[in-house]
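Chain by chain, the residues run as shown.
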Amino acid sequence: MIRVAGDWIAHVTLLRMAEVQLPNKHTQKYDRQLRLWQAHGQAALEGTKLCLINASACGTETLKNLVLPGVGSFTIVDGETVTGADVGSNFFLTVNSIGQSRAKATTELLQELNEDVSGYHLFEDPAELIAKKPDFFTQFSIVVACNLTETPLVELSEILWKAGIPLVVVRSYGFIGYLRICVPEHALVETHPEQIIDLRLDCPFPALQQLASQYDFATMDSFARSHVPYVIILLKCLEEWKSTHGGLPPTSSERNAFKELIKSKAGADNSDQENFDEALAAAYRAQAVTKVPDSVRKILNDPHCEVTSKSSNFWIIARALRDFVANEGGGLLPLAGPVPDMKADTTSFVNLQTVYRSKALADAAAVRSRVQSLLQTLQKPSDSISSEEIDRFCKNSQYLTLIRYRNLAEEYIKPATNDIGYRLDQDSDDVIYYILLRAVDKFYTTHNRYPGALEDDVDDDIGHLKKTVIGLLNSWDLSGSSIDDDHIHEMVRAGASELHSIAAIMGGIASQEIIKVITKQYVPLDNTVIFNGVKSTSAAFKF
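Before going into details, it helps to say that this report is about the structure given with it.

**Considerations on the environment of Asp 430**
Mapped onto the elements of the fold, Asp 430 is located in helix H21 (residues 429–447). Asp 430 gets classed as buried once you look at its relative accessible area, which sits at 12%. With 253 residues separating them in the primary sequence, Asp 430 and Gly 177 have C-alpha atoms 10.0 Å apart. Residues within four places of Asp 430 in sequence aside, it is in contact with Ile 530, Asn 532, Thr 537, Ser 538, Ala 539 and Phe 541.

**Topic: the packing of helix H11 (residues 230–245) against helix H13 (residues 274–281)**
Interhelical geometry of H11 versus H13 gives an angle of 60° and a closest axis separation of 8 Å. With respect to their mutual orientation, H11 and H13 come out oblique. For the element pair H11 and H13, the recorded crossing hand is right-handed. Together, Tyr 230, Ile 233 and Leu 234 of H11 and Asn 275, Phe 276, Glu 278 and Ala 279 of H13 make up the contact between the two elements. Residues belonging to the contact of H11 with H13 are distributed by class as follows: five nonpolar, one polar and one charged.

**A word on the sheet that holds strand S3 (residues 73–77)**
Pairing within the open sheet is mixed, and its eight strands lie in the order S4-S3-S2-S5-S6-S7-S11-S12. Either end of the sheet is taken by a strand with one partner, and the two such strands are strand S4 (118–122) and strand S12 (537–541). Taken pair by pair, the neighbouring strands of this sheet meet at an average axis angle of 15°, ignoring direction. In this sheet, strand S7 (residues 176–182) lies alongside strand S6 (residues 167–173) in antiparallel orientation, the contact comprising seven bridges. Along S7, the bridge assignment pairs Ser 172 with Gly 177. Strands in contact with helix H6 (residues 102–111) are S3 and S4; relative to S4, the strand with the most contacts, it is inclined by about 175°.

**Re helix H23 (residues 485–494)**
If you check which residues of H23 are buried, you get His 487, Ile 488, Glu 490, Met 491, Val 492 and Ala 494. Between the side-chain oxygen of the N-cap and the backbone nitrogen of Asp 486 there are 2.8 Å, and the N-cap of H23 in question is Asp 484. Gly 495 sits one or two positions beyond H23 and adopts a positive phi of about 60°.

**Quick notes on the environment of Ala 286**
Secondary-structure assignment places Ala 286 in helix H14 (residues 283–286). Sequence separation of Ala 286 and Ser 264 is 22 residues, and the distance between their C-alpha atoms is 17 Å. Residues in contact with Ala 286, not counting those within four places in the same chain, are Leu 201, Asp 202, Leu 234, Leu 238, Leu 248 and Phe 258.

**What about empty space enclosed by the protein?**
All chains considered together, the criterion is met by one cavity of 30 Å³ or more. Computed from the structure, the largest cavity encloses a volume of approximately 90 Å³. Every residue lining the largest cavity is listed: Asn 147, Leu 148, Leu 153, Val 169, Val 170, Arg 171, Tyr 178, Tyr 412, Tyr 434, Leu 437, Arg 438 and Asp 441. Those elements that provide at least two residues to the lining of the largest cavity are S6 and H21. When residues of the lining of the largest cavity are assigned to their parent elements, the largest contribution, four residues, is made by H21.

**Things to note about the pattern of salt bridges**
Summed over the entire model, instances satisfying the criterion amount to 29 salt bridges. In this structure, Asp 363 and Lys 359 form a salt bridge, with 3.2 Å as the shortest nitrogen-oxygen distance. One end of the pair is Asp 363 and the other is Lys 359, both in helix H17 (residues 346–377) and four residues apart, which spans about a single turn. Under the relative-accessibility criterion, Asp 363 is labelled buried at 5%. Among the salt bridges present, the one from Glu 490 reaches Arg 493, with a minimum N-O distance of 3.2 Å.

**Topic: the side chain of Glu 190**
The topology assignment puts Glu 190 in the loop between strand S8 (186–188) and helix H9 (206–213). At a separation of 2.7 Å, a polar atom in the side chain of Glu 190 contacts the side chain of His 40. Apart from residues no more than four positions distant in its own chain, Glu 190 is found in contact with Gln 38, His 40, Arg 392, Asn 396, Lys 520, Gln 521 and Tyr 522.

**Here's the deal with the nonpolar core**
Side chains of a nonpolar character, in soluble globular proteins, are inclined to be buried together. Residues Leu 156, Leu 167, Ile 420, Ile 435 and Met 491 are the most contacted members of the largest nonpolar core, which totals 52 residues. Tyr 230, Ile 232, Leu 234 and Leu 235 belong to the second largest nonpolar core, which has 39 residues in total.

**A look at the state of the cysteines**
Here the structure, examined in full by the defined rule, presents zero disulfides. Cysteine Cys 182 shares no disulfide, and the gap to the nearest cysteine sulfur, in Cys 146, comes to 13 Å.

**Concerning the pairing of S6**
With seven of its seven residues buried, S6 lies for the most part within the structure. The alternating pattern of S6 places Leu 167, Val 169, Arg 171 and Tyr 173 and Val 168, Val 170 and Ser 172 on opposite faces, both of which are buried. As judged from the four bridges shared by strand S5 (residues 142–146) and S6, these two strands associate in the parallel manner. Each residue of the ladder has a partner; that of Val 143, found in S6, is Leu 167. The antiparallel hairpin formed by S6 and S7 contains two residues in its connecting segment, where Gly 174 sits at a positive phi of about 65°.

Conventions and cut-offs
- Residues numbered from 1 in each chain as written.
- Predicted model: local features only at pLDDT ≥ 70, side-chain atom pairs only at ≥ 80, totals over all residues.
- Heavy atoms only, no water.
- Helix = DSSP H or I, 4+ residues; strand = E, 2+ residues; numbered from the N terminus.
- Buried < 20%, exposed > 50% of the residue type's maximum accessible area, 1.4 Å probe, protein only.
- Contact = heavy atoms within 4.5 Å.
- Axes fitted to C-alpha atoms, helices over the stretch in contact; angles between N-to-C directions.
- Parallel < 35°, antiparallel > 145°, perpendicular 65-115°, else oblique.
- Left-handed = near helix turned anticlockwise from the far one by under 90°.
- Nonpolar A, V, L, I, M, F, W, Y, C, P; charged D, E, K, R; others polar.
- Pairing = 2+ DSSP bridges.
- Polar contact = N/O pair within 3.5 Å; in protein donor to acceptor, adjacent residues only side chain to side chain.
- 1 Å grid on protein atoms, 1.4 Å probe; cavity = no way out; pocket = protein on both sides within 12 Å on 5 of 7 lines; lining within 4 Å.
- Points joined across faces, edges and corners; volume = space filled by probe spheres on them.
- Salt bridge = Lys/Arg side-chain N within 4 Å of Asp/Glu carboxyl O.
- Core = buried A, V, L, I, M, F, W, Y, C linked by side-chain atoms within 4.5 Å.
- Disulfide = S-S within 2.5 Å.

As structure tokens, then:
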């Protein structure tokens, strides 16, 4: 009695390869993260040119978490010199840095973390650079803006939005953290679900049907019956059910009857029924109809599937996938291929795995052929989309995800007031701090400083900020809402200062989302996160 893991063959192959050749230094250095986003994800990270605006504590903590895993290069744009306050909150500054360019000082220390990463710095006011040289920022793969005031931030967001370059806004303000992702479109192939299972039990393909036909429970002894893969058990039982009922078991009583049918095949003399227990646990899979998920169908029907020479690889493969579904696929997506772990003898499992893998390879080959035809029609190089990229697309096709973010400028002009008003009525502290962050930016626009930044003006600033909050709510047609004075006092007390602990948390959150955007793996946040360090809570919003 043995259990065969789904990746048993690959595991043995890797072991044999390891006996011949040890991993190179690059693989050893980045081993842990290669397990998360694999070599192509690492290549995307290493090919990234990142710009950080303002080397604040939050900015350097974010960048630290990107330098360590090997981002290709970074450029820090900062027009400030290092002060004692900076040294007190920023781990990447020392007392000896006081008076120096903050961009230069942090770049030098950050570069020490990873010799593979190139670091550059520009000692210039970001707001002036945005106004005078907007094209400067279009050279980068992604831009991270920290503690940038409202007017230049909105201008920058417009520049990058038109260029299709992701902008990540991150800041820490006292005990409060804020993150916003802005990019017109983010298309994902590898969302990394816990498990990819595509068994086609309700509509088995010919090779799978042929394999299942080789098993006959009536002629098996108890040992052989106890090593039949549960997929075969379900296929055989479903075939018998359809012959007498004409379709899948739709009702609760029929599903229970189907499970009794599975139990009856185990045999009274069979004391080892683990594989039948697995079949019972997975019976719901046999009752589910295989179809193109609605979210994926929406992508396949998107106008961007009418591809041009300017279309991205994602949309070209999506178009090929749409054509495959309409033709070779018979209305279905390409088979994913992986087979889950299960109780089985080695021969049975390998045969089952081979059938699924062969079908998946054939489907992927059909999609590849369609991609090549499209590339030829669009007069693009035949190698502009690799076979590996197409294969990943096919394997993950049932989990394709498309996020279209909201323009930051649009949000600032017309925020999601209905959602904000509803959350205010629910006494949500997190949305209150979103409003207060917007209010302190309005305060800065009027006074050229943040409330509480000057100790002598703290009392006056409380009143001024309160008026700013009321004015902001009125402009959003939320005049019936109010914010407790304690929250306003907290923002003034913070005085736009950065606490290293909050900056470190926000740096961790921001860098994680940035890596998702860069590698186009895992689903990034859409679109705003507020971290409340007072209560140690966080909330995501779509403003």
